[in-house]
Amino acid sequence: MGIRSALAVGLAIPMTALLTAAIFPLAGISFHQMSIIGIVVALGLMVDNAIIMTNDIREDLAHGADHGVAVSRAYKKLFFPLMASTVTTMLAFSPTSLLLGPAGEFVGPLSVAVLCALFSSFVISTYVIPAISPFLFKSGTAGKGFLANGISSRLLSVPFRAFVGLFVRRPLVGLTFCAAPAVIGVMLLSTVPTKFFPPWTATSSASR
C-alpha cells in the first residue's frame, strides 16, 4: 500500500487505543491486567477498518478524484459494510462479557475492552482517517516506487492470484474450503476439556 498508507494505518492504532481508554470509564472498567490484555488482543482487529478505508480513498485519489469525492465514495461504499463487520465481531465477544460469577469477574473486563476497541476502531476509520487523508495523499497521482505503491513480488502474487482465481471460478470449492475448518472444529469440540481455570498442580506451584 505504500509508506503514506502505512502511516495512516499506523496513526490509527494509537488513536484507537486512546479513544478506547476514554471509553473505559463509560463502560465501567478500569486499567488493570485483563483490560490491557483486551486491548492487546484487539490490536490486530484495530487496523482492519483503517486499512480498508485508507486503501479505498487512496485508490480514488490515484485515479484523479479530489478529496471530497474520494471520501464521499468511500462513505457510500464502506460505511455499512464496515459497521456490519464491526458489529458481528463485537457480537462474537459479547457472550464473554456477560459471564457471571468468578469467571465473569476475571475475563469480563477483557471482553469489554475488546468491545470498546472495536467500536473505537470503527469511529477512527470512518471519521479520522478521511479527515487526515488530505495531509497524506495527493490527488491525481498514483506515485512511483515501493514507497508509494508498496512491495510487489511475482513469486508471491502469481500463486496467490491463481489460488484466489480458483475460488472465484468455483465458488462451491471456495465455500467448502473455508467451511471445512469450522466444521472439523465443531466435530472435535467434545474432545476439548472444558475447565475454565487450569488445575493448580505442584508443578505449576514450583514454577512460580
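These numbers come from a predicted model, not from an experiment.

1. Quick look at the nonpolar core
Ranked by size, the top nonpolar core spans 18 residues in total, and within it Ala12, Met53, Ile57, Leu61, Leu82, Ile129 and Leu136 carry the most contacts. Elements with a minimum of two residues in this core: helix H1 (3-27), helix H2 (33-62), helix H3 (67-97) and helix H4 (101-136). At 6 residues, H3 tops the list of elements feeding residues into this core. Ala42, Val114, Ala117 and Leu118 belong to the second-largest nonpolar core, a separate cluster that totals 14 residues.

2. Side note on the confidence of the model for the chain
Summarising the model, the chain shows a mean pLDDT of 81, and 86% of its residues fall at 70 or more. Averaged over each element, pLDDT in the chain is lowest for helix H8 (residues 202-207) (48) and highest for helix H7 (residues 171-187) (90). A low-confidence stretch, residues 202-207 stays under pLDDT 50, and its non-local contacts, those more than four residues away or across chains, total 1 contact.

3. What to know about the pattern of salt bridges
All told, the structure shown has 2 salt bridges when counted by the stated rule. The partner of Asp56 in a salt bridge is Lys77, with the nearest N and O atoms 2.9 Å apart. One end of the pair, Asp56, is in helix H2; the other, Lys77, is in helix H3, with 21 residues separating them in the sequence. Note on Asp56: relative accessible area 12%, which makes it buried. In this structure, Arg58 engages Glu59 in a salt bridge whose closest nitrogen and oxygen atoms are separated by 3.3 Å. On the basis of relative accessibility, which here comes to 33%, the residue Glu59 falls in the partly exposed class.

Reading the values: the criteria
- Residues numbered from 1 in each chain as written.
- Predicted model: local features only at pLDDT ≥ 70, side-chain atom pairs only at ≥ 80, totals over all residues.
- Heavy atoms only, no water.
- Core = buried A, V, L, I, M, F, W, Y, C linked by side-chain atoms within 4.5 Å.
- Buried < 20%, exposed > 50% of the residue type's maximum accessible area, 1.4 Å probe, protein only.
- Helix = DSSP H or I, 4+ residues; strand = E, 2+ residues; numbered from the N terminus.
- pLDDT = per-residue confidence, 0-100.
- Contact = heavy atoms within 4.5 Å.
- Salt bridge = Lys/Arg side-chain N within 4 Å of Asp/Glu carboxyl O.

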